[in-house]
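Chain residues, written in single-letter form:
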Amino acid sequence: MVNTPPSSSSRAAKSARPIAVTGIKPTGKPHLGNYFASIQPAIALSAQHESYFFIADYHALNSIKDPSVLQAETLDVVATWLACGLDPQKVAFYLQSDIPELFEITIILLAYTSKGLMNRAHAYKAFIQNNRTLTRDADEGVNMGLYNYPVMMAADILAFKCNIVPIGKDQVQHLEMTQDIAEAFNRNVNKSCLVYPHPFINENVKTIIGTDGRKMSKSYHNTIPIFADADTIYKTVMKIITTSQSIEAVKDPGTCNVFALYKLFASPEDSKALANKYRQGGLSWGAAKKQLAELIITSLEKERDQYNHLIKAKDHLKKVLTTGQLQARRKAQQTLREMKSLIGIFHAQ
Ligand code: TRP
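This is a predicted model, so every value here is computed, not measured.

1. Description of helix 1 (residues 32-45)
Helix length check: helix 1, at 14 residues, gives a terminal C-alpha distance of 19 Å against a target of 20 Å (1.5 Å per residue), a fit within 8%. Approximately 30° is the largest bend angle found in helix 1, and it occurs at I39, with the proline P41 only one to four residues beyond. Residues of helix 1 that are buried include every one of L32, G33, Y35, F36, I39, P41, A42, I43 and L45, and no others.

Below is the structure:
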C-alpha cells in the first residue's frame, strides 16, 4: 500500500516529523503488561514523532454503562500515563469525546465502509461466536457501537493524517480496515486526501506474562497492577504459578514465570545473580517471589508517588487534557474541512 505524505498545507508540515496516533481504552486498572507493551514504548516513540495520544472513552462506552466506573477508569488511565512519564508539552494528550470532529468524520467514513468489512472484524466475530457457543441469539449484547467500532477507530486515526499507529498485535486487523476505508474514500474523491497509516508493533517488546504464565491480560484475571499498594503487589506476586520443585532443587530460570517478570525490571547483573541462585539450588519460590515483589515496588516508586498525587488532582488532570484537546481539534478540524469540501458538503452562511 502506498503511503501518501502528510498534506503540505498542514501546519504540522513545518515540523516534518512523522505523526503518531494511538488510543488507550479506559477499561480496567492499568497493569504491568500495559506498562511494558504499550505505555513505555509509546512514550519513547513520542520523542521522535508529532504525537496524538488519547483516551478512547467513547469506545469504552460500548462496554461500560456505569457512569462512575467510566469516569474513574478514564481518570485512572490519564493519571497513569502522566505518572509514567508522558509529557503533555510534547504529546497532544486528550479525550476522544472532546474532539467532536471525530464523530463527523465517522459519519462520513460510514458511507465509504462496506457492511461486509465490518462483518469480518475479529472482535465482532468473536462476540457472536461466543453467543452461538452459549446457544444465545448471535446478536445478543452486540450494540451498534461495537459493530461500528472499526469505523470510529479509523476516524480516530485518519483525522490526524498520521503515519504510524503504535498498537498491539490484536489491533492489526483494525488498522488494515482503516487503510481500506481510507483507500475507499480517496478513490471516491479521486484525491490523496487521507494518509494511509502503518501499524507500529515494537518487536522488541516480548509478551508480558501474567501470574498464570499466560499473556498478562485483564480478560485472564492474571494481571499485576502498576500502581497498587505494596501489600497488594506482594499478594499478587505470591500467586504467580511456579513448579512444585523443592527448595533444594536446581531450577531453570528460563522457564520460570517469576524470573520472566524479574528480568523486565532488573539490571543485567542482578538478573544474572538471580539466575545463578536458581541454578545453584536452595532458593525457595517464596524467596524468589519476595525479591520480585520488592523490585516491582522499588523500581516504580517514583511513578507510584506521582500517580498517588495525580489521581487526587482531578482539576489538574482536566486542565492537562484541555491543552491536548485544543491541539488535536485544530488538526482534526483541518482534515474534516478538507473531507467535507471534497464530498460536496457545504456550510450555510
Ligand atoms: N482499539 C484500541 C484497543 O482496543 C484502542 C483504540 C481506539 C485505538 N482508537 C484507536 C488504538 C486509534 C490506536 C489508534 O486497544
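2. Description of the pattern of salt bridges
Tallied over the entire structure, the rule returns nine salt bridges. Here K29 ties to D76 by a salt bridge, and the two come within 2.6 Å at their closest N and O atoms. A residue pair is termed long-range when its members are at least 10 positions apart, and K29 in the loop between strand 1 (19-24) and helix 1 and D76 in helix 3 (residues 67-83) qualify at 47 residues. You can call K29 exposed: its relative accessible area is 52%.

3. Overview of the packing of helix 3 against helix 15 (residues 314-343)
It is at 11 Å that the axes of helix 3 and helix 15 come closest, and there the two elements cross at 75°. One finds that helix 3 runs roughly perpendicular with respect to helix 15. Counted together, Q71, L75, V78, A79 and L82 of helix 3 and K314, L317, V320 and L321 of helix 15 form the full contact between these two elements. Here the residues of the contact of helix 3 with helix 15 are counted per class, giving seven nonpolar, one polar and one charged.

4. Structural notes on the site of the ligand
Near the ligand lie 13 residues; those nearest to it are G23, Y149, M153, D156 and Q171. Note that a nitrogen atom of the ligand is positioned 2.6 Å from one of the side-chain N or O atoms of Y149. A distance of 2.8 Å separates a nitrogen atom of the ligand from a polar atom in the side chain of Q171. Mapped by element, the contributors of at least two residues to the shell around the ligand are strand 1 and helix 8 (149-158). Ranked by the residues each element gives to the shell around the ligand, the list is headed by helix 8, at four residues. Counted by class, the shell around the ligand contains seven nonpolar, four polar and two charged residues.

5. A few points about unusual backbone geometry
The phi torsion at T135 lies on the positive side, around 50°, for a residue other than glycine. Among the structural elements, T135 can be located in the loop between helix 6 (122-133) and helix 7 (144-147). Residue classification places T135 among the exposed positions, given a relative accessible area of 72%. With a phi angle near 45°, K161 is a residue other than glycine that sits in the positive phi range. Looking at the element boundaries, K161 is found in the loop between helix 8 and strand 4 (164-166). The exposure class of K161 is buried, given its relative accessible area of 4%.

Analysis parameters
Residues numbered from 1 in each chain as written. Predicted model: local features only at pLDDT ≥ 70, side-chain atom pairs only at ≥ 80, totals over all residues. Heavy atoms only, no water. Helix = DSSP H or I, 4+ residues; strand = E, 2+ residues; numbered from the N terminus. Expected span 1.5 Å × (residues − 1). Bend = angle between axes of the 7 residues up to and from the residue. Buried < 20%, exposed > 50% of the residue type's maximum accessible area, 1.4 Å probe, protein only. Salt bridge = Lys/Arg side-chain N within 4 Å of Asp/Glu carboxyl O. Axes fitted to C-alpha atoms, helices over the stretch in contact; angles between N-to-C directions. Parallel < 35°, antiparallel > 145°, perpendicular 65-115°, else oblique. Contact = heavy atoms within 4.5 Å. Nonpolar A, V, L, I, M, F, W, Y, C, P; charged D, E, K, R; others polar. Near = heavy atom within 4 Å. Polar contact = N/O pair within 3.5 Å; in protein donor to acceptor, adjacent residues only side chain to side chain.

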